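Structure assessment
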Amino acid sequence: MNIDRMEFLSWMERIMDRLDMLSNHIDDLQKKRNSIDGEELLDNQDLLQMLKISNRSLQRYRSIGKLPYYTISGKLYYKLSDVHQFIRDSFNK
């Protein structure tokens, strides 16, 4: 069975469009899974990369109450708005 070039390109374009749709759907599901009340939640790894700090520094901010956190199924999460407020408060000093 031979497929001409135009038909092949058409099929490939349809496949790529479908993969893009699936990728967008997966991204949407991921955001919904990592959110509470419509607000994005960040885990430790996200925050360490975002703030470029050590794990110990992050633990210290939690311990002294500077950075609110939530424990869900034994894993720590931070609301994005709380992180933004923490950054604003750190710069105001």
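Everything that follows concerns the structure shown earlier in this document.
This report concerns the structure included in the present document. None of the values given here were measured: they were computed from a predicted structure. Along each chain, the written sequence defines residue order, and numbers are assigned to residues from 1. In keeping with the predicted nature of the model, local features appear solely for residues at pLDDT of at least 70, side-chain atom pairs appear and are counted solely at 80 or more, and the whole-chain, interface and lining totals rest on all residues. Remark: hydrogens and water are excluded; side-chain values derive from all non-hydrogen atoms of the structure.

What follows is about the packing of helix 2 (residues 44-51) against helix 4 (residues 80-92). Axis definition: a line fit to C-alpha positions, over the contact stretch in the case of helices; interaxial angles, taken between N-to-C directions, run 0 to 180 degrees. By definition, any uninterrupted DSSP run of H or I lasting at least four residues is a helix, any uninterrupted run of E lasting at least two residues is a strand, and each is numbered from the N terminus. Interhelical geometry of helix 2 versus helix 4 gives an angle of 30° and a closest axis separation of 13 Å. Taken together, the axes of helix 2 and helix 4 lie roughly parallel to each other. Like other packed secondary-structure pairs, helix 2 and helix 4 cross with a definite hand, here right-handed. On the side of helix 2, the interface is formed by Leu47, Met50 and Leu51, while helix 4 contributes Leu80, Val83, Phe86 and Ile87. Ten residue types, Ala, Val, Leu, Ile, Met, Phe, Trp, Tyr, Cys and Pro, are classed as nonpolar, four, Asp, Glu, Lys and Arg, as charged, and the remainder, Gly among them, as polar. Each residue belonging to the contact of helix 2 with helix 4 can be placed in one class, and the counts come to seven nonpolar, no polar and no charged. When an angle is under 35 degrees it counts as roughly parallel; over 145 it counts as roughly antiparallel; between 65 and 115 it counts as roughly perpendicular; any other value is oblique. Throughout, a crossing is termed right-handed when the near helix is turned clockwise from the far one, and left-handed when it is turned anticlockwise from it by less than a right angle. Contacts between residues were defined by any pair of non-hydrogen atoms, one from each residue, lying within 4.5 Å.

This part covers the sheet that holds strand 3 (residues 70-72). Any two strands are treated as partners once DSSP identifies two or more bridges connecting them. Strand order across the open sheet formed by four strands is 1-2-4-3, with antiparallel pairing between neighbours. The open sheet is flanked by strand 1 (35-36) and strand 3, the only strands paired with a single partner. Pairing analysis gives two bridges linking strand 1 to strand 2 (residues 39-43), with the strands arranged antiparallel. Directly across from Ile36, in strand 2, lies its bridge partner Glu39.

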